[in-house]
Amino acid sequence: MVLTSHWYNIDNITKNTSLQLFSDWTENFSTEIKLSQQTFDQVNGNPIDQPEVDIEVANGGHIFIGEDNNRHENQINTDRISASISGTYYAGDHTIKGGFDYQRHDVYNLYGRDLHGTYQFDSLADFAAGNYSRYDLRTPADGFTVDDTAAALVYSQFSPFLQDTWQVNDRLSLMYGVRVNIPKAADAPPKMPGFEAAFGFPNDYKLGSDNKVVLPRVSFNYSFDTERHSQLRGGIGAFQSVPPFVWLANPYQNNGVTSVSYRSNDPADAPFSPDAFNQNIPTGGPSGGVAQIDAIDPDFKLPTVWKTSLAYDAELPWYGLLGSIELQNIRARDAVFYQALNIGQVQGTLADGRNSYWCTLGSLSGSNKNCGRTPGFDWDSTLLGNTDKGSSTSLTFALNKPLVDGWFGSISYTYTKADEVGSDGSSQAWSSYQFVSRVNPNEEIATTATREIRNSIKASLGWEHAFFGDYKTSITAYYNGRDGLPYTWIMDGDVNGDGIFQDPAYIPLVDDPNVSYGSATAEQIAAFQAFIDGDSYLSSHRGQIAGRNQSRLPWVNQLDLGIQQELPGFFSGHKSIVRLDVYNFLNMLNEDWGVTRQIDGFDTRFMAALDGINADGTYVYDLGSDSNPSWQNLTPYDADSRYPSRLVSRWSLLLTLRYEF
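Residues numbered from 1 in each chain as written. Predicted model: local features only at pLDDT ≥ 70, side-chain atom pairs only at ≥ 80, totals over all residues. Heavy atoms only, no water.

**Brief notes about the packing of aromatic side chains**
Rule in force here: Ring pairs shown here join Phe, Tyr and Trp side chains whose ring centres sit within 6.5 Å, with only the six-membered ring taken for Trp; geometry is labelled stacked below 30 degrees between planes, edge-to-face above 60, and tilted in between. Numbering goes from the N terminus for both helices and strands, where a helix is a DSSP run of H or I of at least four residues and a strand is a run of E of at least two. To sort residues, take the accessible area from a 1.4 Å probe on protein chains only and compare it with the maximum for the residue type: under 20% means buried, over 50% means exposed, and anything in between is partly exposed. Sitting over a ring, as applied to charges here, requires NZ of Lys or CZ of Arg to be within 6 Å of the ring centre and within 35 degrees of the ring normal.
By the definition in use, this model includes 32 aromatic pairs. Relative to Trp 463, the ring of Trp 407 lies with its centre 6.5 Å away and its plane at 50 degrees, an arrangement referred to as tilted. One end of the pair, Trp 407, is in strand E21 (residues 407-420); the other, Trp 463, is in strand E23 (residues 455-468), with 56 residues separating them in the sequence. What makes Trp 407 partly exposed here is its relative accessible area of 43%. Their ring planes at 25 degrees and their centres at 5.4 Å tell us that Phe 531 and Trp 631 sit as a pair that is stacked. Here Phe 531, found in helix H5 (residues 522-533), pairs with Trp 631, found in the loop between strand E34 (619-622) and strand E35 (635-636); they are 100 residues apart in sequence, far enough to count as distant. For Phe 531, a relative accessible area of 16% translates into the label buried. For Trp 631, a relative accessible area of 12% puts it in the buried group. In this structure, Arg 71 packs its charged tip against the face of Tyr 8, placed 4.1 Å from the ring centre. The ring of Tyr 433 carries the charged tip of Arg 438 above its face, separated from the ring centre by 3.9 Å.

Right under this line is the structure:
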């Protein structure tokens, strides 16, 4: 349950200005100049500053009150300038284009997580007594203000390029070229004393010409000499997206100099305070005032991929159909790879073979975790580097029927196989690391990608007819059917003692010496074993650690319907349009159809809760209660207390009125 004090507002404004100049100097030479500026200002938060309070209640539920801890202070102001100058020269069969692009990104990003205090309580009674189980606080360091904790940087990129399009003959054309992206950061992050001595490299590295990337590419198009049009097309090249400014900004905010983090599990040491600006400072705890550092590897390259494609298009001899088949491969050249810098040292192995970071087996205490980490630096410090592992291969078959006699339509099928080292789905460095399920920390192993859709079918069908005058009546339907997204079976708890609650689950045998069940009854154990037997992945992998993203959500069906009518306007040449869209039409027909299943919005699913680890490294599983077992069931992906307006698994109507003149 989320109370209104936990809600937050998002206030933003975007302003864009652009200028373009096209000049023809001769018959063979022209130039183009573009200049644009975009400013973006956004403030997130609750009008009333408060600490965040998370209260656990019966059956695993939670009550959230107070200001969301990610919005205690949350503000971003950016000023982006883009410029490009290019020239095109026509030289017979060659069209040569060259020039440069320039980007300048001036950003102020204040992310004040836990600035007003964040508390967790195990029950309502504990909340009433002020007896929290965990308290986190992040404050400016001595001599600094809240503004000093923001990431303030100026990043620019200069990109010269040159390409040639060569019309070899009437059937074959080639395009080839190269682009160089040269980044530059105006200032370095603040330098943390002792960091380089501890980890072997400084935390104040700033991007420059040493981090440039060279992007060659070539493509072709060949038209066959056939009665009906057909062509073969393809290409290979290196590509880079827009620079990931938010990841590059993390080292400027989590630098260990301008802010300090605290954690306490003892209310007597730092009592609960409802005053956002007078939080009590803990004297101890796992964080103990140490520094969280986000650093950039001095050899870091901006993320790039190799992209290869090959496709064949042809006009078919039936009904005017157009057919296509396309193979596309994207392979990591320099993908983003986050590592945990200070997770600790391996202390041994647990019963299932994974590494242990517990100081002493037998205790799940927070002070018993991350054994051997470097003092003075927090366990959630990160290093931003690269990996060349990860790829995506897709094969698409498509048929398209252009409009003939009032009918048109299309259908396509895509098969995709994708893997990745990390999903990197968060703006925060530590979240990008911790929300990737790994057997052991910092593994550089490519597994099934979190957003992989293995099989996908898309189809559309439309009909239109003018019953009176030129005013058309049209009906269209669009179907999207696909495999569900992959997910990982994990334990509800920290299995290996690295401080991260994202560990893949060990799937027990029916009588497994590595797992006991504490106070669970024989009936609860039997129900747990039946649950495993009822899942195809779990039942076939007993005695193993669950693989990352090896299970998959159910197939998704969605059919949308649109009905549109054109009508006369008030004056000659005017026209009005009435359109009715029915989203998730299948659910309108039957409430059990068109439902998308999810795991509370995440890519992980609890198999059981961790109740303890024995001295020999074997596990004690908590199976919950008869009415609320610890394994997680799927739920419809739709509105909830956090997103009350979300519509995915229910039908909805949209009526649109439009007037054209």
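**What about the sheet that holds strand E13 (residues 259-264)?**
Quick reminder of the rule: Think of it this way: DSSP has to see at least two bridges between two strands before they count as a pair. Here an axis means a line fitted to C-alpha atoms, over the contact stretch when the element is a helix, while the angle between two N-to-C directions is reported on a 0 to 180 degree scale.
A sheet is described by the order of its strands in space; here five strands give the open sequence E4-E3-E7-E8-E13, paired in mixed fashion. The two strands at the open ends of the sheet, each matched to only one other strand, are strand E4 (62-65) and E13. Within the sheet, the average angular offset between the axes of one strand and its neighbour, ignoring direction, is 10 degrees.

**Considering the side chain of Arg 138**
We count it as follows: Charge assignment in this entry is limited to Lys and Arg as positive and Asp and Glu as negative, and neither His nor the chain termini are counted. Criterion for a salt bridge: a side-chain nitrogen of Lys or Arg within 4 Å of a carboxyl oxygen of Asp or Glu. Under this definition, polar contacts are N or O atom pairs within 3.5 Å; protein pairs additionally need one hydrogen-donor-capable and one acceptor-capable atom, and for neighbouring residues in sequence, both atoms have to be side-chain atoms. Should any heavy atoms of two residues lie within 4.5 Å, those residues are considered in contact.
Topologically, Arg 138 is positioned in strand E8 (residues 134-140). Comment: no salt bridge for buried Arg 138; closest opposite-charge side chain is Asp 114, at 7.0 Å. Polar side-chain contacts of Arg 138 include one of 3.5 Å to the backbone oxygen of Tyr 111. Within the structure, Arg 138 has its side chain in polar contact with the side chain of Ser 259 (distance 3.2 Å). With near-sequence residues (within four places) excluded, Arg 138 lies in contact with Tyr 111, Gly 112, Arg 113, Asp 114, Leu 115, Gln 253, Asn 254, Ser 259, Val 260 and Ser 261.

**What about the environment of Phe 531?**
For the pair Phe 531 and Asn 9, spaced 522 residues apart in sequence, the C-alpha separation works out to 42 Å. Every residue in contact with Phe 531, bar those within four places of it in the chain, is listed here: Trp 489, Leu 538, Arg 605, Trp 631, Gln 632 and Asn 633.

**Focus on the sheet that holds E34**
Hydrogen bonding along the main chain pairs the strands of a sheet, whether they run parallel or antiparallel. Sheet architecture is open: five strands sit in the order E27-E34-E33-E25-E29, paired in mixed fashion. Two strands close off the open sheet at either side, each with one partner strand: strand E27 (515-516) and strand E29 (551-552). The sheet contact formed by strand E33 (residues 604-613) and E34 spans four bridges and is antiparallel. Considered in E34, the bridge of Ile 613 is made with Tyr 619.

**Overview of the pattern of salt bridges**
By the definition in use, this model includes 22 salt bridges. A salt bridge links Glu 326 to Arg 233; its shortest N-O distance comes to 4.0 Å. In this pair, Glu 326 sits in strand E16 (residues 322-340) while Arg 233 sits in strand E12 (residues 230-240), placing the two residues 93 residues apart along the sequence. Taking relative accessible area as the criterion, Glu 326 reaches 26% and is therefore assigned partly exposed. Judged by its relative accessible area of 27%, Arg 233 is partly exposed. The structure contains a network of salt bridges with shared partners spanning Arg 134, Asp 136 and Arg 263.

**A short note on the side chain of Asn 496**
The topology assignment puts Asn 496 in the loop between strand E25 (486-492) and strand E26 (506-507). Under the relative-accessibility criterion, Asn 496 is labelled buried at 0%. If we skip the residues at most four places from it in the chain, Asn 496 touches Leu 350, Arg 354, Asn 355, Ser 356, Tyr 357, Trp 358, Val 439, Pro 441 and Asp 503.

**Some words on helix H3 (residues 245-253)**
With eight of its nine residues buried, H3 lies for the most part within the structure. Looking at H3, one finds that the buried residues are Phe 245, Trp 247, Leu 248, Ala 249, Asn 250, Pro 251, Tyr 252 and Gln 253.

**What to know about the state of the cysteines**
Chemically, a disulfide is nothing more than a covalent bond linking the sulfur atoms of two cysteines. Selection criterion: We call a pair of cysteine sulfur atoms a disulfide when they lie within 2.5 Å.
Applying the stated criterion across every chain, the model contains one disulfide. Across the disulfide, Cys 359 is cross-linked to Cys 371 (sulfur-sulfur distance 2.5 Å). Given an S-S torsion of about 115 degrees, the disulfide between Cys 359 and Cys 371 has right-handed geometry. One end of the pair, Cys 359, is in the loop between strand E18 (355-356) and strand E19 (382-387); the other, Cys 371, is in the loop between E18 and E19, with twelve residues separating them in the sequence.

**A word on the nonpolar core**
In plain terms, the rule: Put simply, a nonpolar core is a bunch of buried Ala, Val, Leu, Ile, Met, Phe, Trp, Tyr and Cys residues held in one set by side-chain atoms that sit within 4.5 Å of each other.
Counting 29 residues, the largest nonpolar core has Phe 528, Met 607 and Tyr 621 as the members making the most contacts within it. Elements supplying a minimum of two residues to this core: E25, E26, H5, helix H6 (536-540), E33 and E34. Sort the elements by how many residues they give to this core and E33 lands first, with four residues. Residues in contact with Tyr 621, not counting those within four places in the same chain, are Met 491, Tyr 506, Pro 508, Val 515, Ser 516, Tyr 517, Gly 518, Phe 528, Met 607, Ala 608, Ala 609 and Asp 611. In this structure, Ala 151, Ala 185, Leu 207 and Leu 384 belong to the second largest nonpolar core, which totals 25 residues.

**Describing the environment of Thr 414**
Within the secondary structure, Thr 414 sits in strand E21. As for Thr 414 and Phe 29, which are separated by 385 residues in sequence, their C-alpha atoms are 42 Å apart. Excluding its chain neighbours within four sequence positions, the residues that come into contact with Thr 414 are Ser 394, Leu 395, Thr 396, Arg 454, Asn 455 and Ser 456.

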